[in-house]
Each structure stands twice: as structure tokens, then as C-alpha cells.
Amino acid sequence: TAAPVTIIGLGLMGSALAAAFLKAGHPTTVWNRTTAKADRLVAEGAEQAPTIGAALKASPLTIVCLTDYQAVRELLGEHEADLDGTTLINLTSGDSAQARETARWAERNGARYLDGAIMAVPSAIGTAEAVILHSGPGPEFAAHEPTLAALGTVTHLGADPGLASLYDVAGLAMMWSVLNAWLQGTALLGTAGVDAASYAPFARQIATVVAGWLPGYAEQVDAGSYPAEVSALETDARAMAHLIEESEAAGVNADLPKLLKAMADRSIAAGHGAEQYPVLIEEFAKPTP
Ligand code: NDP
């Protein structure tokens, strides 16, 4: 039989999590500050706990999904004694420092703690498209993975509880960079009467080709050695200057290419002009000047 699970927080996301557990046949206990948000889930078979203490005691595994970490600490901070012996998985969005701090707090109170980041909208929960990242003690994840699988594609990234949040923002860095690069090109081509739909397949092809470079470039970064096998950073910087000039001449925004060029110029000034592009990690890996 499926393992029991408790959900604390029945907002849009918490309700979707609870519904997915119910659908997968897990005895599901729920608690929410605004009690009426449990009504639909109770009609579908959930048990509504009268108190947070009862919610925590109802299942060996409790998943919490509130607005932010402050809400988690405010709410569960009043029930620290009930955390002893439970496993707590916090799927609330936050940063890595909050995740690590919350892990220490939970462990001080006798709980086992995993942090998580949900990379999906509520309607995707319960399907393979819902990617949910976890970090914290590996054996704890392994013990509850069969239960968590009801939510979607669940992965464990490592023992550091901050990793789920870090992967989450690293994913956003990729997403926005690809989207902004595409918008830059779309604006440029738009000045020649090319519509976005015509450029999109070309842009997609470039993004796919560049994505294919990542494993090889990652080897250079991990080795700390950047021989120019394809092109030197100086050559790339000249192309960046060209992108800036074209953008300015066309009357489109040049902020993004200027930022790229400024970083390359700093790396060249530090003596890396003859090395390959990933040497820029040395600029990215230190604070903004
Ligand atoms: P909602 O605003 O729908 O729900 C927020 C929940 O937090 C409610 O259950 C609310 O209770 C509860 N809450 C907030 N403050 C407190 C408090 N001080 N004490 C007790 N309960 C509190 O948000 P979502 O469900 O959409 O999001 C929840 C988390 O999931 C967030 O961290 C969000 O970033 C993350 N997430 C959401 C996604 C989405 O698409 N919705 C996608 C990925 C992550 P009450 O009902 O009583 O107000």
C-alpha cells in the first residue's frame, strides 16, 4: 500500500501536490491556514488535520509548500516539538542560504530535512513534465522517492540542501539568456522586415548547436585550461563589437551586447585574449567589479 503523506500549505501549488498524492493512492493528510481551501481535497478523500501538530504526526513524511521561507519558519516555529522524528520536505521557493539555514533548524529539532524546488506549474503536477529538484541527505531522498514519484520527475542533486535552489536559479540564468539573445536577433532582423516567426527556426538551430558545445567547454572549465581549439576570445570580442555596431546602426537596444563585450574586454585585459571563450568563467566566478 502507498505510504501516507502530509501536505502543509494548500495554495495553488500545495493543493496540486495533495491532489497528485491522492490520485496515486497515498493516504493524504492536509493542513492549511485558511481551512476552507481543504474542502475539495477532503471531498476527494484527504484527511484534514485539526492542528499542525496533528498534521505532522499523521504521516512519517510531511511536505510543506507556503509562500516563502519566512512563512515556513513562522508557522512551524511554533510547533518545533512536533518535528522530532519526522521527515520534512520543503518545496517552498527560496534561496540556497535559506534552504541551508532551514535544514539546520529542522535538524536541531530532530527532523530529517530535504529541500526542493518545483520547476512546473500546478497543472503539470502529477505528470512527467513536472520536474522537482531535491537536495539534502541522499538516503532520506531514496527512502521517500517512491512516494515523491507521484508528483512528477523527481531528482536528487546532492547532500548540500542549498543545491536545489542553486540549480533552480542556474536554470533561470540559461532560460533568460537564451530568450534575451533571441529577442536581440529578432529586434535586429525586424529592422529589415523579417518577422519573428521567420527568424525563430534559425535561432533555434543556433541555440541547439551552441548547447552541444557545453560538455566540451565544461571540461575546459573543470580543468582550468582553455586552449583556443575553435577560436580565440579576441576573435569573439571583434564579433561582439560588430554586433554592437549593427544594433546601434539599426536603432535597436545595444545594452546586452555591450555587457557581453565589457566582460570579454576585462578578460582580454587580464591576458586571456588568446584563450578560448570558457575562460570567461574567471569573470563570472567573481563579484561584479
Ligand atoms: P499561493 O499564494 O497560492 O499559496 C500560498 C500558501 O502559503 C497558502 O497555503 C497560504 O495560506 C500559505 N501561507 C502564506 N503565508 C503563511 C503564513 N504566515 N502562515 C501560514 N500559511 C501561510 O502560492 P503557490 O501555492 O502558488 O506557491 C507556493 C510555493 O510554491 C511558493 O514558494 C511558490 O514560489 C512555489 N511555486 C509555485 C509555482 C506556481 O506556479 N504556482 C511554481 C513553482 C513553485 P492561506 O491559504 O491561508 O493564505
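Trainee: Let's hear about the domain arrangement of the protein chain: which residues, and what values?
Mentor: When its domains are assigned, the protein chain resolves into domain 1 (5-160) and domain 2 (191-284). Inter-centroid distance (C-alpha atoms) of domain 1 to domain 2 is 41 Å.

Trainee: Go over helix α8 (residues 196-223), please, and point to the residues and values.
Mentor: If you check α8, its first and last C-alpha atoms are 39 Å apart, about what 28 residues at 1.5 Å a residue would give, namely 40 Å. The largest bend in α8 comes to about 40 degrees, at Pro215. Of all the positions in α8, only Tyr199, Ala203, Tyr217 and Gln220 are classed as buried. Looking at the buried side of α8, the elements it contacts are α7 (163-190). Directly beyond the C-terminal end of α8, a positive phi value near 65 degrees is found at Gly224.

Trainee: I'd like a description of the site of the ligand, backed by residues and values.
Mentor: Around the ligand, the surrounding shell holds 22 residues, and the nearest of these are Met13, Asn32, Thr34, Lys37 and Ser93. Considering the ligand on its own, with 900 Å² of exposed area, one finds that the protein chains cover 75% of that surface. Broken down by secondary-structure element, the contributors of at least two residues to the shell around the ligand are α1 (12-23) and α4 (69-77). Here the residues of the shell around the ligand sort into 11 nonpolar, eight polar and three charged.

Trainee: Lay out a nonpolar patch on the surface with the relevant residues and their values.
Mentor: A cluster of nonpolar side chains, Met175, Trp176, Leu179, Trp182 and Leu183, forms an exposed patch at the surface whose accessible area comes to about 470 Å². Positionally, Met175 belongs in helix α7. Looking at Met175, the relative accessible area reads 39%, which means it is partly exposed.

Trainee: Outline the nonpolar core, listing residues and values.
Mentor: The nonpolar side chains of a soluble globular protein tend to be buried with one another. One finds Ile7, Leu17, Ile63, Ile125 and Leu151 to be the most contacted residues of the largest nonpolar core, which totals 30 residues. Those elements that place two or more of their residues in this core are β1 (5-8), α1, β4 (61-64), β6 (112-119) and α6 (138-148). Per-element accounting of this core gives the leading share, seven residues, to α1. In this structure Leu151 touches Leu17, Ala20, Phe21, Ile63, Leu91, Ile125, Gly126, Thr127, Ala130 and Ile132, once residues within four positions along its chain are discounted. In terms of nonpolar packing, the next biggest core, distinct from the first, is built from 20 residues, Ile52, Leu66, Leu76 and Tyr113 among them.

Trainee: Describe the packing of aromatic side chains, and please don't skip the residues or the numbers.
Mentor: What the rule picks out here adds up to two aromatic pairs. Summarising the aromatic geometry, the rings of Tyr199 and Phe202 are spaced 6.2 Å apart at their centres and angled 35 degrees between planes, so their arrangement reads as tilted. Here Tyr199 pairs with Phe202, and both are found in helix α8, just three residues apart, close to one helical turn. Accessibility expressed as a relative area gives 13% for Tyr199, which makes it buried.

Trainee: Now, about the pairing of strand β2 (residues 28-31): what can you tell me, with residues and values included?
Mentor: Alternating positions in β2 separate into two faces, Thr28 and Val30 on one and Thr29 and Trp31 on the other, with burial throughout. Summarising the sheet, β1 and β2 pair through four bridges and their orientation is parallel. Paired with Ile7 across the bridge in β2 is Val30. Taken together, β1, α1 and β2 constitute a β-α-β crossover, and its handedness is right-handed. As paired strands, β2 and strand β3 (residues 47-48) are joined by two bridges and run parallel to one another. The residue bridging Thr29 from the neighbouring strand is Glu47, located in β3.

Trainee: How would you sum up the environment of Leu280? Please name residues and give values.
Mentor: Along the chain, Leu280 falls in the loop between α10 (255-272) and α11 (281-284). With relative accessibility at 3%, the residue Leu280 sits in the buried group. Put simply, Leu280 and Val221 are 59 residues apart on the chain and 9.3 Å apart in space, counted from C-alpha to C-alpha. If we ignore the near neighbours within four places in the chain, the residues touching Leu280 are Leu233, Met263, Ala264 and Ser267.

Trainee: Can you break down the sheet that holds strand β7 (residues 131-135) residue by residue, with the values?
Mentor: With mixed pairing, eight strands are arranged side by side in an open sheet as β3-β2-β1-β4-β5-β6-β7-β8. Strands with a single pairing partner mark the edges of an open sheet, and in this sheet they are β3 and β8 (153-156). Contacts from α4 reach β1, β2, β4, β5 (87-90) and β6, with the element oriented near 150 degrees to β5.

Analysis parameters
Residues numbered from 1 in each chain as written. Predicted model: local features only at pLDDT ≥ 70, side-chain atom pairs only at ≥ 80, totals over all residues. Heavy atoms only, no water. Domains from an automatic or database assignment. Helix = DSSP H or I, 4+ residues; strand = E, 2+ residues; numbered from the N terminus. Expected span 1.5 Å × (residues − 1). Bend = angle between axes of the 7 residues up to and from the residue. Buried < 20%, exposed > 50% of the residue type's maximum accessible area, 1.4 Å probe, protein only. Contact = heavy atoms within 4.5 Å. Near = heavy atom within 4 Å. Areas by Shrake-Rupley, 256 points an atom, 1.4 Å probe, with all protein chains shown as cover. Nonpolar A, V, L, I, M, F, W, Y, C, P; charged D, E, K, R; others polar. Patch = residues over 30% accessible without salt bridge, like charges linked within 9 Å, V, L, I, M, F, W, Y side chains within 5 Å. Salt bridge = Lys/Arg side-chain N within 4 Å of Asp/Glu carboxyl O. Core = buried A, V, L, I, M, F, W, Y, C linked by side-chain atoms within 4.5 Å. Phe/Tyr/Trp six-rings, centres within 6.5 Å; stacked < 30°, edge-to-face > 60°. Pairing = 2+ DSSP bridges. Right-handed = clockwise from strand over helix to strand, strands pointing away. Axes fitted to C-alpha atoms, helices over the stretch in contact; angles between N-to-C directions.

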